[in-house]
Each structure stands twice: as structure tokens, then as C-alpha cells.
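Commentary on secondary and tertiary structure
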Amino acid sequence: MIATTFYKQKQKTIKNEISFSGIGLHSGKKSHITIKPSEVNSGINFLRTDVKDVNKNALIMALWHNVSSTTLSTTISNGDVSVSTIEHLMSALSGMHIDNALILIDGPEVPIMDGSSKPFVELFEKAGLVKQDEYRKILKIIKKVEVSNGESLVKILPSNYFSIDFEIVFDSHLINSQLCQLQLINGNYKSDVASARTFGFEKDVQKLREKGYALGGSLENAVVVGDNSILNKGGLRFKDEFVRHKILDSIGDLYLAGYPVQGYFSGKKSGHFLNNQLLNKLLSDHSNFEII
């Protein structure tokens, strides 16, 4: 179980802007990102710098109600433009307790980097963080909220902390069933979560590419599971890297609430779709939460 608290913490942004480039996991297209400091209470926002049409709004707020697709990644849109595969970057922002940032991107998909959020965390550490003049606003869970789809389930319950655990089940003897319960203390998001990479199965690669997905995928940015072995040189970073990556994804998706969450999140055999459905159900009824 991951547990952390945000009481009486000041809002943070990055001290210095940072830039990086990379390939999109699904589009296969290269994009360049610059992340700039942002003022208090501005939140996380994406700006498509390649959009030159003055009649189109190029700014997208990273919020749950702007999620337009959850197929194999999380995509946000403002109706004019979109940015996809934002979950690893959002997870790093959450894990580093960064409240406010402006993300300039010149393409439709966030670079996949090495398939984890570790490169983003390291960039944020290099940029430095600065405390701002107002306290963080916290989304405190008041009532249990649950959504399911077949055998897949996510729920969030009241808690004095932000806690998270996850269970996965795959028909592969290399994964089988994995349950991860971690305690996140002293900033160990970086050591226990951030370096867990996205993963896929060798047998699915061709089908995905025929549908326009995983066009930028490789052994450099994803764990590839074969019939009898992990194809990546060096193997896994954790023995339970698969479920840890699901936790990484969920932390990123939950940050689209617009605030740090004080509550206990539990997921089973789920993903981006149910994460967004949970936020929809949670935030559509004000009796479920309060902002503190």
C-alpha cells in the first residue's frame, strides 16, 4: 500500500524550465517538450505549439473531464486539439508533488522515453522545485466510490492518507497474478514506482501496429513479454514490474482530478478507462468529497 500525506504543504512548481524530445509510443512520431514554471493555482496545462490556426484553442487543461480516449493510453482534448499518452508524465508530476506547470509540446503525443516515469522525475530533479505562496488544495474522499466492468474493478475510500494498491492477472506464466502493496514514504516514489516500465506481449505487436498502435514501441521503451522469456536485455527492473507500472499509470490518471487525492485507491485488472470512470463518478457528486 502506498501511503502519503499532503497536510500543510505549499504548492510547488519547477524552478527552471526543462526541455526534452522523444518518440511517441503509439504514433511513432517525434515530439519536443518544454516544461515551464507556472503560477499558483494554475494546475497542469498542455499547450500544442505546432497548432498555428488562430481559430483553434491550443491549450488543454490536464483534467478528468477533458479525457477523450483511454484506449491503451490516456488522451486529453479541448475539442480542437489533443495530447495522448500523458499518464507517465502526469504520474511523475504527482509523485514529485508538482502542482503547477505549463507543458509546451509540438506534437500529438508525449514522448515515451524509456517506458517509465523515471526520466521525467530525473528531469524535474535537475530543474529543481520551488515552493509557492499558497498551500496545496487537497481532494478529500468522504464516501466510498466504486466502478467495475466485468472482472475489472477500481474503488476509492476515505483515508487519512493517499494510499494505493493494485492487482493484475494475465494468462502468461511470466506474469500470472501480481498484487502490489507499497508504502510510499520519504520520497521513494522514485525508487519504488517511477522506473517500472510499460509492457506488452510479443504475440500482440503485429495486431496493434495494424490498428495504428505501438508504432514507436521497441525494447528501448517497453518490456516485451515473449512466450517463454522477457525479451529485453537485462530482464525486469523489479520482479513485479508489471503491477508496479499499473500503479504508476493509476497515479498519473488520478492526478487528473486536478488536486492531490486523500483517499485509499484500489484497482484490480483495470486500466485507464476505469480510472477515468472512477473520477467521473467521484467528482460528479459533491457529497463524495470535499476540497480542503
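Residues numbered from 1 in each chain as written. Predicted model: local features only at pLDDT ≥ 70, side-chain atom pairs only at ≥ 80, totals over all residues. Heavy atoms only, no water.

Looking at the packing of helix H5 (residues 241-254) against helix H6 (residues 272-283)
At a minimum axis distance of 10 Å, the contact between H5 and H6 shows a crossing angle of 35°. Note on packing geometry: the crossing formed by H5 with H6 is right-handed. In this structure, H5 uses Asp 249, Ser 250, Asp 253 and Leu 254 to contact H6, whose residues at the interface are His 272, Asn 275 and Leu 279. Across the contact of H5 with H6, the residue classes break down as 2 nonpolar, 3 polar and 2 charged. (Axes fitted to C-alpha atoms, helices over the stretch in contact; angles between N-to-C directions. Helix = DSSP H or I, 4+ residues; strand = E, 2+ residues; numbered from the N terminus. Left-handed = near helix turned anticlockwise from the far one by under 90°. Contact = heavy atoms within 4.5 Å. Nonpolar A, V, L, I, M, F, W, Y, C, P; charged D, E, K, R; others polar.)

As for unusual backbone geometry
Even without a glycine there, the phi angle at Asn 176 is positive, about 55°. Structurally, Asn 176 can be placed in the loop between strand E15 (162-169) and strand E16 (177-181). Positioned with a positive phi, Lys 269 is a non-glycine residue whose angle comes to about 50°. On the secondary structure map, Lys 269 appears in the loop between strand E20 (264-268) and H6. The class of Lys 269 is partly exposed, set by a relative accessible area of 27%. (Buried < 20%, exposed > 50% of the residue type's maximum accessible area, 1.4 Å probe, protein only.)

Some words on the packing of aromatic side chains
Enumeration according to the criterion identifies 4 aromatic pairs in this entry. Note on Phe 20 and Phe 120: the rings are 5.5 Å apart at their centroids and 55° apart in plane angle, and the pair reads as tilted. Pair noted here: Phe 20 is in strand E3 (residues 18-23) and Phe 120 is in helix H2 (residues 118-127), with a separation of 100 residues, a long-range link. Classification of Phe 20 as buried rests on a relative accessible area of 7%. Assessed through its relative accessible area of 2%, Phe 120 is described here as buried. Residues Phe 170 and Phe 201 carry aromatic rings whose centres are separated by 5.6 Å and whose planes lie at 45° to one another, so their mutual orientation is tilted. (Phe/Tyr/Trp six-rings, centres within 6.5 Å; stacked < 30°, edge-to-face > 60°.)

A short note on the side chain of Asn 288
In this structure, Asn 288 sits in the loop between H6 and strand E21 (289-291). Assessed through its relative accessible area of 6%, Asn 288 is described here as buried. There is a polar contact of 3.1 Å between the side chain of Asn 288 and the backbone oxygen of Leu 282. Not counting residues up to four positions away in its chain, the partners in contact with Asn 288 are Lys 140, Ile 141, Ile 142, Lys 143, Val 145, Lys 281 and Leu 282. (Polar contact = N/O pair within 3.5 Å; in protein donor to acceptor, adjacent residues only side chain to side chain.)

Structural notes on the packing of helix H1 (residues 87-95) against H5
Axis separation between H1 and H5 bottoms out at 7 Å; the angle between their running directions is 80°. Between H1 and H5, the angle is such that the two are roughly perpendicular. Contact residues: H1 offers Glu 87, His 88, Met 90, Ser 91 and Ser 94, while H5 offers His 245, Leu 248, Asp 249, Ile 251, Gly 252 and Asp 253. Residue composition of the contact of H1 with H5, by class: 3 nonpolar, 5 polar and 3 charged. (Parallel < 35°, antiparallel > 145°, perpendicular 65-115°, else oblique.)

So, the pairing of E3
With burial as the criterion, only one face of E3 is covered, namely that bearing Ile 18, Phe 20 and Gly 22; the residues Ser 19, Ser 21 and Ile 23 on the opposite face remain uncovered. For E3 and strand E4 (residues 30-37), the ladder comprises 6 bridges, and the chain directions are antiparallel. The partner of Ser 21 across the bridge, within E4, is His 32. The antiparallel pairing of E3 with E4 creates a hairpin that spans 6 residues between the two strands, and Gly 28 there sits at a positive phi of about 75°. (Pairing = 2+ DSSP bridges.)

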